[in-house]
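Next come the chains, spelled out residue by residue.
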Amino acid sequence: MKLFLTASADTTLYQRFPTNNAGLDEILEVGKVAAPEDLGIAYTGSSARALLTFILPTTASVAPTASYFLNLKIANATKLPYEQELKIYKVSGSWTEGSGYSIQKNNVRIPLYSGSTYLGDFDPTKIVATNDGATWRQATTATSWSNAGGTYYTSPTQSVILNEYPLQDLRIDVTNLVQPVVTASLDWHGLGVAFPASSDNDENNQGNIKFFSRQTHTVHAPTLEIVWDDAVFTTGSLKPIPNTTDIMV
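Residues numbered from 1 in each chain as written. Predicted model: local features only at pLDDT ≥ 70, side-chain atom pairs only at ≥ 80, totals over all residues. Heavy atoms only, no water.

**Side note on the environment of Gly98**
Counted only if it meets this: In DSSP terms, a helix is any run of H or I states spanning at least four residues, a strand is any run of E spanning at least two, and both are numbered starting from the N terminus. Burial here depends on accessible area, computed with a 1.4 Å probe over protein chains only, as a share of the maximum for the residue type. Under 20% is buried, over 50% is exposed, and the range in between is partly exposed. By definition in these notes, contact holds between two residues if any of their heavy atoms fall within 4.5 Å.
If you trace the backbone, Gly98 turns up in the loop between β7 (84-90) and β8 (102-105). The exposure class of Gly98 is buried, given its relative accessible area of 19%. Among all residues touching Gly98, those that are not within four sequence positions of it are Asn21, Gly23, Leu24, Asp132 and Gly133.

**Description of unusual backbone geometry**
A cis amide bond links Ser155 to the next residue, Pro156, at an omega of -5 degrees. With respect to the helices and strands, the residue Pro156 is situated in the loop between β9 (108-111) and β10 (158-162). Here the bond from Tyr165 into Pro166 is cis, since omega is 0 degrees, no more than 30 degrees from zero. Position of Pro166 among the secondary structure elements: in the loop between β10 and β11 (170-173). Although it is not a glycine, Lys79 adopts a positive phi angle of roughly 55 degrees. Of note, Lys79 is situated in the loop between β6 (74-78) and β7. Its relative accessible area of 58% is what places Lys79 among the exposed residues. Although it is not a glycine, Glu83 sits at a positive phi angle of roughly 55 degrees.

**Quick word on the environment of Arg16**
Topologically, Arg16 is positioned in the loop between β2 (9-14) and β3 (27-32). Put simply, Arg16 and Trp136 are 120 residues apart on the chain and 8.7 Å apart in space, counted from C-alpha to C-alpha.

**A look at the sheet that holds β11**
Stated precisely, the cut-off is as follows: Here, any two strands with at least 2 DSSP bridges between them count as paired. Structural elements are reduced to axes, namely lines fitted to C-alpha atoms, with helices fitted over the stretch in contact, and the angle between N-to-C directions of any two is expressed from 0 to 180 degrees.
Read from one edge of the open sheet, 4 strands run β1-β14-β5-β11, paired in antiparallel fashion. Of all strands in the sheet, those with a lone pairing partner are β1 (2-6) and β11, marking the two edges. Each strand axis lies, on average, 25 degrees off the axis of its neighbour in the sheet, ignoring direction. By the bridge criterion, 4 bridges tie strand β5 (residues 67-72) to β11 in an arrangement that is antiparallel. Of the residues in β11, the one forming a bridge with Phe69 is Asp173.

Right, dumping it as structure tokens:
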């Protein structure tokens, strides 16, 4: 049996733009994101992390031994180092998606500040400035993250090495993160997708991956795939074959 759940909320947290929310953007970003004025300098303080959550089923509707896979469809990937690692964490506190956007200029995605301040020479009619959801600093409008960039459980985690080129859509086994939540009815606040700290702190790492978010107008929204064996066999119910002399196997 397979069950596919579409993300119920998702957003990107931008270190370079720590008060910006991008909850309604059609793209999720992971890696490094720099503003135009940053180009040509070291990529420090420019990390981007994606948050996703799903409305999980109960053990009454899925087997307790079910496996769970996070499916992320790639929109674009640039400047990724060979065998770049992605880390998957369980988010440890509640957060809200928000209603902010990112916009595109000169092939560089630039999240908008809250209020009337924005970066670049944009058409003001296209600007939707909001901080009503998760940002690099805030989990909600009323709650700060314990650590900037999101608060996550340090164990268990999951990781994947990106070593297929051109880069393929991702199907990441997150059973160790999700199965205990379902079987033991633990608190659930979704998953965070990020570069490991070594990559975040590498000033020469400019890698960036764009995934389709749940707001995409395509069919490539993030999903949680749940797989379990629900086959039922009834043994001893076949009638005997009356004539076995003409049977050849």
